[in-house]
Amino acid sequence: KLFGTDFFLWGIYGFFLATVASSCFAAFMLLSGFSFIEALLFPFLLFLGFQSGVWWRFGTAETIGMPLLSFMLVVSAIAAKRPSVVLDALFVIFGIMLMLSKEAFILFIPAVVFLRIWTHRMINNSGWASAAMSSLVPGLVLIFLAASDIIFIKFFVGTTGMGYAGYEGFNAGPFLTALIN
């Protein structure tokens, strides 16, 4: 409701969020030790194709979630170089905001926690065990919250199945027909 029906303001807002998210994804790549070219290509490949609709379909939750995800990744790369409680708290806060922006992002949390561990391992040339220990508290907090969210949605909010996403169950007949034709 902030911009009402002003298409131009929505466009500027979407462009701003896309620029922030792309910049943060590139910064994450640079902080993780990738080359400048790889850091520039990563956001382009990430948002190339159908997924670019996140930025031109105004008002979708993904528009807010992608910058939050990019902030989490930047914080994880900085925390790998300079561990601190403040960075761990920011990682958890951005994770909570990400989960609250859209339910589908709840499923991203284990992957982001793993990516934080992998980033720590790669930046510090350490083993998996020490990298996992460095992310233990924020990782467990986010995974616990994600699991709690899923349980809450499943048993208290309720679901009507996956029909809204185009999935009505698996039927081998149409699947085989599509493969043959």
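The coordinates are above.
Residues numbered from 1 in each chain as written. Predicted model: local features only at pLDDT ≥ 70, side-chain atom pairs only at ≥ 80, totals over all residues. Heavy atoms only, no water.

**Student:** Account for the nonpolar core, naming residues and giving values.
**Tutor:** Ranked by internal contacts, the top residues of the largest apolar core, which has 37 residues, are Phe25, Trp55, Met66, Met72, Leu98, Ile109 and Leu142. Secondary structure elements with two or more residues in this core: helix H1 (7–31), helix H2 (36–47), helix H3 (53–56), helix H4 (61–81), helix H5 (85–101), helix H6 (109–124) and helix H8 (136–157). Each residue touching methionine 72, except ones within four places of it in the same chain, is listed here: Phe91, Phe94, Gly95, Leu98, Val112 and Leu142. (Core = buried A, V, L, I, M, F, W, Y, C linked by side-chain atoms within 4.5 Å. Buried < 20%, exposed > 50% of the residue type's maximum accessible area, 1.4 Å probe, protein only. Helix = DSSP H or I, 4+ residues; strand = E, 2+ residues; numbered from the N terminus. Contact = heavy atoms within 4.5 Å.)

**Student:** Describe a nonpolar patch on the surface, listing the residues and the values that go with them.
**Tutor:** On the surface, Leu30, Phe36, Ile37, Leu40, Leu41, Phe44, Leu45 and Leu48 cluster together into a nonpolar patch covering about 860 Å² of accessible area. At six residues, the largest contribution of residues to the nonpolar patch is made by H2. Among the structural elements, leucine 45 can be located in helix H2. Taking relative accessible area as the criterion, leucine 45 reaches 56% and is therefore assigned exposed. (Patch = residues over 30% accessible without salt bridge, like charges linked within 9 Å, V, L, I, M, F, W, Y side chains within 5 Å. Areas by Shrake-Rupley, 256 points an atom, 1.4 Å probe, with all protein chains shown as cover. Salt bridge = Lys/Arg side-chain N within 4 Å of Asp/Glu carboxyl O.)

**Student:** Can you lay out the packing of H4 against H5 for me, pointing to particular residues and giving the numbers?
**Tutor:** Direction vectors running N to C along H4 and H5 enclose 160 degrees, while the axes themselves pass 9 Å from each other. With respect to H5, the element H4 is oriented roughly antiparallel. Considering the relative orientation of H4 and H5, their crossing is left-handed. Only Leu87, Leu90, Phe91, Phe94, Gly95, Met97, Leu98 and Ser101 of H5 make contact with H4, whose side of the interface consists of Ala61, Gly65, Leu68, Leu69, Phe71, Met72, Val75, Ser76, Ile78 and Ala79. A per-class count over the contact of H4 with H5 returns 14 nonpolar, four polar and no charged. (Axes fitted to C-alpha atoms, helices over the stretch in contact; angles between N-to-C directions. Parallel < 35°, antiparallel > 145°, perpendicular 65-115°, else oblique. Left-handed = near helix turned anticlockwise from the far one by under 90°. Nonpolar A, V, L, I, M, F, W, Y, C, P; charged D, E, K, R; others polar.)

**Student:** Residue-level account of the packing of aromatic side chains, with values.
**Tutor:** Two measures describe an aromatic ring pair: the distance that separates the ring centres and the angle between the ring planes. Taken as a whole, this structure holds eight aromatic pairs when the rule is applied. Centroid distance phenylalanine 114 to tryptophan 128: 5.7 Å. Interplanar angle 15 degrees. Geometry classified as stacked. With a gap of 14 residues between them, phenylalanine 114 in helix H6 and tryptophan 128 in helix H7 (residues 128–134) connect regions that are remote in the sequence. When its relative accessible area of 46% is taken as the criterion, phenylalanine 114 is described as partly exposed. In this structure tryptophan 128 comes out as partly exposed when scored by relative accessible area, which is 40%. Taken together, the ring pairs in this structure connect Phe25, Phe42 and Phe47 into an aromatic cluster. The ring of phenylalanine 91 has arginine 116 lying over it, and the distance from NZ or CZ to the ring centre is 4.6 Å. (Phe/Tyr/Trp six-rings, centres within 6.5 Å; stacked < 30°, edge-to-face > 60°. Lys NZ or Arg CZ within 6 Å of the ring centre and 35° of its normal.)

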